[in-house]
Amino acid sequence: MVLLIFLIVLAIVGFSASARIVRQYERGLVFRLGRLREATRGPGLCMILPVLDRMQRVSLQIVTLPVPAQDGITRDNVTVTVDAVVYFRVVDPVRAVVNVQDYMFAVLQVAQTSLRSIIGKSDLDELLTNRERLNQGLEVMIDSPAIEWGVHIDRVEIKDVSLPESMKRSMSRQAEAERERRARIITADGELQASRKLADAAAAMGQTPTALQLRLLETVVEVAAEKNSTVVLPFPVELLRFLDRQAQAPATEPSGVELSTRPSHVQAA
């Protein structure tokens, strides 16, 4: 009876020591006395030899690796600080474990050096406006050595580009000057178009003098529509002289012109 209990306990201990569980998103690598077994263990329950075997699990999930901010000088001699993020996954667990000591640390170091290299090869305008092309260049630069480590780079994104305060102020002044230049050009273009229209209107009225008088009367009507307004009209000097001569003529001769002495809001200038 005691022997049976001992055997049962020994079997339970041996099973617990040799049983390993591999998750769906993992793969298991078994090392027997330091030598890698050829077969990679899939998800589920796996049995190994106690003491002789050692299992190492490798995740196949996509890893999000933030790249610390890197200081660099662009091709046009501007100091910037750029950070990024790398998305990668393991496609070959054997090479990821055997060919490199720590594949995550290796990918991080390659990402940092590649980001510094991209900063030195690019202009400031490219860093601010053409990030898609820079992201593709970073992905190629990081993916080239990562293939040998059994790692595939899915995506690389530049997160932020930080500029010195002096450069921000300079860019702000430049943008303000550009907006002022555009506003002046638009205003000048509007004045040019208005002057052309006025020239056309003046030419048309010059051919028909009556149109000028009608336009003057319309202007007077528009101005007189406002209450408590005083209208000042240009009055030809020749007409005033004509009226003066008519006033000095004998009273028996009809002058043909009658002047009103009633007060009016219309003044002659």
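Small disclaimer: the values here were computed from a predicted structure and weren't measured.

A.B. asks: I would appreciate a short explanation of the packing of helix α3 (residues 103–121) against helix α5 (residues 131–146) in the present structure.
C.D. replies: Helix-helix packing: each pair is described by the crossing angle between the helix axes and the interaxial distance. Where α3 contacts α5, the two axes come as close as 10 Å, and the packing angle between them is 140°. Taken together, the axis directions place α3 and α5 in an arrangement best described as oblique. The two elements α3 and α5 cross, and the hand of that crossing is right-handed. Contacts between α3 and α5 involve Val110, Ala111, Ser114, Leu115, Ser117 and Ile118 from the first element and Leu134, Leu138, Met141, Ile142 and Pro145 from the second. By residue class, the composition of the contact of α3 with α5 is 9 nonpolar, 2 polar and no charged.

A.B. asks: For this particular structure, what's the right way to read the confidence of the model for the chain?
C.D. replies: Low-confidence regions, as indicated by low pLDDT, have predicted coordinates that should not be scrutinised in detail. On average, the chain scores 80 in pLDDT, and the residues at 70 or more come to 84%. Within the chain, the lowest mean pLDDT, 43, falls on strand β10 (residues 266–268), and the highest, 91, falls on strand β7 (residues 79–90).

A.B. asks: What is the right way to read the nonpolar core from this model?
C.D. replies: What tends to happen in soluble globular proteins is that the nonpolar side chains get buried as a cluster. Among the nonpolar cores identified, the biggest contains 37 residues, and Val80, Val86, Val151 and Ile153 are the most heavily contacted of them. Put simply, the parts of the chain that give this core at least two residues each are β2 (26–32), β6 (63–73), β7, α2 (93–98), α3, α4 (124–129), α5 and β8 (151–162). Discounting chain neighbours no more than four positions away, the residues touching Val80 are Gln70, Asp71, Gly72, Thr74, Ile119, Leu124, Leu127, Val161, Ser162 and Leu163. In terms of nonpolar packing, the next biggest core, distinct from the first, is built from 5 residues, Val22, Val30, Cys46 and Met55 among them.

A.B. asks: Looking at this model, I keep getting lost on the sheet that holds β7. Mind explaining?
C.D. replies: Note on sheets: strands pair through backbone hydrogen bonds, and any given pair is parallel or antiparallel. Here we have 3 strands laid out as an open sheet, ordered β6-β7-β8, and antiparallel in their pairing. The outermost strands of the open sheet, each flanked by one partner alone, are β6 and β8. Strand-to-strand, the axes of this sheet are offset by a mean angle of 25°, without reference to chain direction. Here β6 runs beside β7; their pairing, made up of 9 bridges, is antiparallel. Residue pairing across strands places Thr64 opposite Tyr87, the latter belonging to β7.

Conventions adopted
Residues numbered from 1 in each chain as written. Predicted model: local features only at pLDDT ≥ 70, side-chain atom pairs only at ≥ 80, totals over all residues. Heavy atoms only, no water. Axes fitted to C-alpha atoms, helices over the stretch in contact; angles between N-to-C directions. Helix = DSSP H or I, 4+ residues; strand = E, 2+ residues; numbered from the N terminus. Parallel < 35°, antiparallel > 145°, perpendicular 65-115°, else oblique. Left-handed = near helix turned anticlockwise from the far one by under 90°. Contact = heavy atoms within 4.5 Å. Nonpolar A, V, L, I, M, F, W, Y, C, P; charged D, E, K, R; others polar. pLDDT = per-residue confidence, 0-100. Core = buried A, V, L, I, M, F, W, Y, C linked by side-chain atoms within 4.5 Å. Buried < 20%, exposed > 50% of the residue type's maximum accessible area, 1.4 Å probe, protein only. Pairing = 2+ DSSP bridges.

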